[in-house]
Structure formats: C-alpha cells, structure tokens
Amino acid sequence: MTTSGLLEPPATREEKINTLFSAGIWLLFLGWTVYGFIISTAPVYWQVAGWVALPSFVVIYLYSFLHPEPLTGLPRFANTLAYTVVLVGLGFVMMMSTLYAVVNMVPFLMALWLFSSRLRTGLAAVALIAVVVTSLAVALQLEAYESWLLPAIGIPTVILVMVQISIELEERQRVNSERLALAEQREDLAGTVHDLLGHSLTTVTVKTQLARRLLRVDPEAAERELDDVLALSRRSLSEVRATVTDLRQPDLLEQLDQAEQSLCAAGIELRRPEQLPALTLMQQQVVAWVLRETVTNVIRHSEAQRCTVCVVDGDDVGQVIVRIDDDGVGLPAECADAGAGTGAGAAGTGTGTGTGAIGEHHGLLGMRRRVEAVGGTLRLVDLEPGTRVEARL
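Anyway, here's the lowdown on the structure attached to this text. Quick caveat: nothing in here was measured; it's all calculated off a predicted structure. (Residues numbered from 1 in each chain as written. Predicted model: local features only at pLDDT ≥ 70, side-chain atom pairs only at ≥ 80, totals over all residues. Heavy atoms only, no water.)

Concerning the overall build of the protein
Put simply, the test is: We count a stretch as a helix when DSSP gives it H or I for four or more residues in a row; a strand needs E for two or more, and each element gets its number in order from the N terminus. Accessible area is worked out with a 1.4 Å probe on protein chains only. A residue is then buried under 20% of its type maximum, exposed over 50%, and partly exposed in between. Exposure was quantified through the Shrake-Rupley algorithm and a 1.4 Å probe, taking into account, for residues, occlusion by the shown protein chains and nothing else.
Scanning the protein from terminus to terminus reveals 13 helices and five strands. Burial statistics for the protein: of 393 residues in total, 39% are counted as buried. Here the protein displays about 22,100 Å² of accessible surface, and carbon together with sulfur accounts for 61% of that area.

What follows is the structure, given as structure tokens:
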C-alpha cells in the first residue's frame, strides 16, 4: 500500500501476472454478454459496435489494474473516474445490442472502485452504482428486474466487498507486524545504550574518585587510574556511537541519494537502479543499511572508479537480491578467503573461513547480523577486478 493507504500498482512480472489473473478470472461472466450478442435482434450496426466494444472493455478493465494512475497529474480518484467513464461508454454501446451487458458491466465497475480506492471510497462508489442501476431499471420499466437484475448485481457485490475487506485487513496486519518488529528492535538498542552507559559511567565515577584520593599520596597510581578512565571513555564513546547508529533507521531512496553524493565527492561514478522492486518496510531498512556500509567501504578501501547498485526480485516469492559491485583493487588475501567461503552454495550462512575474516570488520559484521536477523544471507565475491557484496532477503 502507498503512504496514502491506496493499493500500489503491481511492479514485478509476478505481481502483474497475479493481478491479471485475479481481475481477469471474473471476465468469464462476460459469456452472458457474448450469448446476448449471438441472439441479438438489434440493428446490425449496433451488433457490430457491440462486438468491437466487448474486447475494448476487457483490455481497458485489465489495464486499469496494472496502471491505476495513467493521468499522472491527477489523483487516484480522478483516474478511476476517468476509467469509469470510458467503461460506461463501452457498456452503453454493448447494451444497445443486448441488455445482458448491463448485468455483466456493473460488477466490473464495482470491482474497479473497490480495488483501486480506499475501502471507504470503494464502498461509497459501490452503493452509488447499485442505486443508479436500480433507478435506471425502474425508470426503463424493465420486466421483472427485481428477479434477475438485483441478484445479478447483489451477489457479486457481496463477494467483492468481502474480498476487499479481507485484503485490507491482511495488509494492515502485515504493516503493523513490521512496525512492531522495528519498535522492538529500537527498544532493544535503546536498552543496550542504557546498560552500556550505566556500566561505563559508574566505572568512570569510581575510578575518578579513587584517582582523586590517590592524587596526593600516590601520584603515579592516580595517573594509572586516570589512564584507565581515559581508555574506558574512548572505548565507551566508540561503542555508543556504533549502538546509537543502530537507532537511526535510514530511508532507502534517501540513502541512494547520499551514496551518490559521497561517491561523487570521492571521484567514483555510481550506477543506481532506475526503479526499485516492491519492498516490505523491513527489506527497505536492511537494504539501506547494506548500501550505506558497503558504499563507506568502497570509498575507504576500494580505489574504484565505478560502483554499481542493483536491487532486483529473487527467484522465490517475496525475495529481493541486492548486489553492490565496484571495479577496485578487490578483496585482500584474508577477505578473499571470506569471499570464497561465503560465495559458494549455501555459504551465505557464514560458515568456514568467511565468518572469521568478515567478523574482523565491525561494519561487515553488523551488515551480516542485520541481514541474517531477517532470514537473509550475505556474501562477498572477488570479481577480479573489484568486489561484490550480495545480500538476499
């Protein structure tokens, strides 16, 4: 869902296929309209127009789910209204050949509004469509409309509303689960900072008081205590910085912009993805962390001329693959072993020599921890020349 609460258009090939199947399976009911054309006694020109309008109706209906906002300068509501006007026009043409078109057209209009709008807007549109069609049936004095038209509209309406409510509730539950997981992560990190500062400051206080007492009676001992305080303060500051960094959840698009600025300042060209696949909130956070740490390493150690970022869908449903390549000096000897250890087969689990070598670098260790925390794998690959950091989430 978008930030405004609307369903996002399908981005990947698999999502598009699922969308076409979910929306297109109901087109089987247009068989009644086809039957109506076959037995129609309307003038030939209306019959021809109806046969032309039928496939046009199907194409535009399916297209509306793949591209709910073709008029980019207008809001979703206006785009859906434009689709409705076109579909109603085509439905009117078909209706001039057979009244079966009315029965078939209405549920598709309802589906368009339900699945392209917020639930409240969709329900209001469904109610309005039902009232308008029923009013037309009464005004046109259709024979026994209450025995065929109302059930033909009412039953699909109930099914569509129930499906849409189920989808929206499931989406809200998923978003809430991700937010809860992130909130728990922040609480854990905040507790770590509290515990770390509490222990360190207590130790600093005790040693400082001791050094103060020893200052006159044993200056050398006091100096040793102050050296310990200085070393502890520096170590604690480093740990606090690393931990507090964990509390800041980066935005992926913002991180891509920052990476481009940083690499440009270092004289390194960035090739970034033109379009990102649909990512969950958790995947966005982890990809942003991987990108930030890897770009930092590229700038500091790679001596590269170019850095390429690729974010694509994986083979499994819901999986995303992040690859960050550079054309620099490649992995050092100890990390080359890590690349080989993590690059083969299931070595992304971090077994073998890879774990030791990567573990020596705090940033890479943090990356691995974040990726594995969401069930993913991380590996380093020596490209000769250059290095690849690949994460599968």
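Structural notes on the packing of aromatic side chains
Rules: Here the aromatic set is Phe, Tyr and Trp, taking the six-membered ring for Trp, and pairing holds for ring centres within 6.5 Å; pairs whose planes are under 30 degrees apart are stacked, those over 60 apart are edge-to-face, and all others are tilted.
Tallying each qualifying case throughout the model produces six aromatic pairs. A ring pair is formed by Phe 37 and Trp 51, whose centres lie 5.1 Å apart and whose planes are at 55 degrees; its orientation type is tilted. Linking Phe 37 in helix H2 (residues 31-38) with Trp 51 in helix H3 (residues 44-66), this pair joins segments that are 14 residues apart in sequence. Note on Phe 37: relative accessible area 2%, which makes it buried.

A word on the packing of helix H9 (residues 252-265) against helix H10 (residues 281-302)
Convention followed: The angle between two axes is taken between their N-to-C directions and runs from 0 to 180 degrees, where each axis is a line fitted to C-alpha atoms and a helix contributes only its stretch in contact. When describing relative orientation, an angle under 35 degrees is termed roughly parallel and one over 145 degrees roughly antiparallel, while 65 to 115 degrees is termed roughly perpendicular and anything else oblique. Should any heavy atoms of two residues lie within 4.5 Å, those residues are counted as being in contact. Classification used: nonpolar for Ala, Val, Leu, Ile, Met, Phe, Trp, Tyr, Cys and Pro, charged for Asp, Glu, Lys and Arg, polar for all others including Gly.
Axis separation between H9 and H10 bottoms out at 9 Å; the angle between their running directions is 10 degrees. When the interaxial angle is binned, H9 and H10 end up roughly parallel. For the pair H9 and H10, the contacting residues are Leu 252, Gln 255, Leu 256, Ala 259, Ser 262 and Leu 263 in the first and Gln 284, Val 287, Ala 288, Leu 291, Arg 292, Val 295, Val 298 and Ile 299 in the second. Taken together, the residues of the contact of H9 with H10 break down into 10 nonpolar, three polar and one charged.

Some details on the pairing of strand E2 (residues 306-313)
Defined as follows: If DSSP finds at least two bridges between two strands, the strands pair. When the strands point away from the viewer, a crossover counts as right-handed if the route from the first strand across the helix to the second turns clockwise.
Strand direction decides the pairing type here: strand E1 (residues 269-271) and E2, joined by three bridges, are parallel. Residue pairing for E2: Leu 270 is matched across the bridge by Cys 307. Handedness of the crossover joining E1 and E2 through H10: left-handed. Bridge count for E2 against strand E3 (residues 320-326) is seven bridges, and the pairing is antiparallel. Looking at E3, one finds that Val 312 is bridged to Ile 321. The hairpin formed by E2 and E3 contains six residues between the paired strands, and Gly 318 there has a positive phi angle of roughly 80 degrees.

Side note on the pattern of salt bridges
As a reminder of what qualifies: Should a side-chain nitrogen of Lys or Arg be within 4 Å of a carboxyl oxygen of Asp or Glu, the pair is scored as a salt bridge.
In this structure the tally under the stated criterion is 11 salt bridges. For Glu 69, the salt bridge identified is with Arg 76, shortest N-O distance 2.9 Å. Glu 269 is the partner of Arg 306 in a salt bridge, and the nearest nitrogen-oxygen pair spans 3.5 Å. Of this pair, Arg 306 sits in strand E2 while Glu 269 sits in strand E1; the two residues are 37 residues apart in sequence, bridging distant segments of the chain. It is possible to trace a salt-bridge network through shared partners that takes in Glu 269, Arg 271, Arg 306 and Asp 327.

Observations concerning the nonpolar core
Here is the rule we go by: By nonpolar core is meant a set of buried Ala, Val, Leu, Ile, Met, Phe, Trp, Tyr and Cys residues that side-chain atoms within 4.5 Å join together.
Counting residues in hydrophobic clusters, the biggest one holds 31 residues, and the most contacted among them are Phe 57, Tyr 61, Met 94 and Ile 129. The residues contacting Ile 129, other than those within four sequence positions of it, are Val 106, Leu 109, Met 110 and Trp 113. In terms of nonpolar packing, the next biggest core, distinct from the first, is built from 30 residues, Val 287, Val 290, Leu 291 and Leu 380 among them.

What about a nonpolar patch on the surface?
The line we're drawing: For patch detection, residues must exceed 30% relative accessible area and be free of salt bridges, and they are connected within 9 Å for like charges or within 5 Å for nonpolar side chains (Val, Leu, Ile, Met, Phe, Trp, Tyr).
Residues Phe 21, Ile 25, Trp 26, Leu 28, Phe 29, Trp 32, Tyr 35, Ile 38, Ile 39, Trp 51 and Tyr 100 make up a contiguous nonpolar surface patch of about 1,200 Å² in total accessible area. Of all the elements, H2 adds the most residues to the nonpolar patch, at three residues. Mapping Ile 38 onto the fold places it in helix H2. The exposed category is assigned to Ile 38, whose relative accessible area is 60%.

Here we look at the packing of helix H1 (residues 13-24) against H3
The line we're drawing: Each crossing gets its handedness from the near helix: less than a right angle anticlockwise from the far helix is left-handed, clockwise is right-handed.
At a minimum axis distance of 10 Å, the contact between H1 and H3 shows a crossing angle of 135 degrees. In terms of orientation, H1 lies oblique with respect to H3. At the point where H1 passes H3, the crossing takes the right-handed sense. Only Tyr 61, Leu 62, Phe 65 and Leu 66 of H3 make contact with H1, whose side of the interface consists of Lys 16, Thr 19, Leu 20, Ala 23 and Gly 24.

Things to note about the pairing of strand E4 (residues 377-382)
If a strand is regular, its side chains alternate between the two faces of the sheet. The pairing of E4 with strand E5 (residues 387-392) spans six bridges and is antiparallel. Bridge assignment links Leu 378 to a residue of E5, and that residue is Ala 391.

Structural notes on the environment of Gln 258
With respect to the helices and strands, Gln 258 occurs in helix H9. Taking the C-alpha atoms as reference, Gln 258 lies 8.6 Å from Arg 292; in sequence the two are 34 residues apart.

Notes on the environment of Val 389
Tracing the backbone through its elements, the reader meets Val 389 in strand E5. By relative accessible area, Val 389 is classed as buried at 8%. Residues Val 389 and Ile 324 lie 65 residues apart in sequence; the distance between their C-alpha atoms is 5.2 Å. With residues near it in sequence (within four places) discarded, Val 389 still touches Val 290, Thr 294, Val 322, Arg 323, Ile 324, Met 367, Leu 378, Arg 379 and Leu 380.

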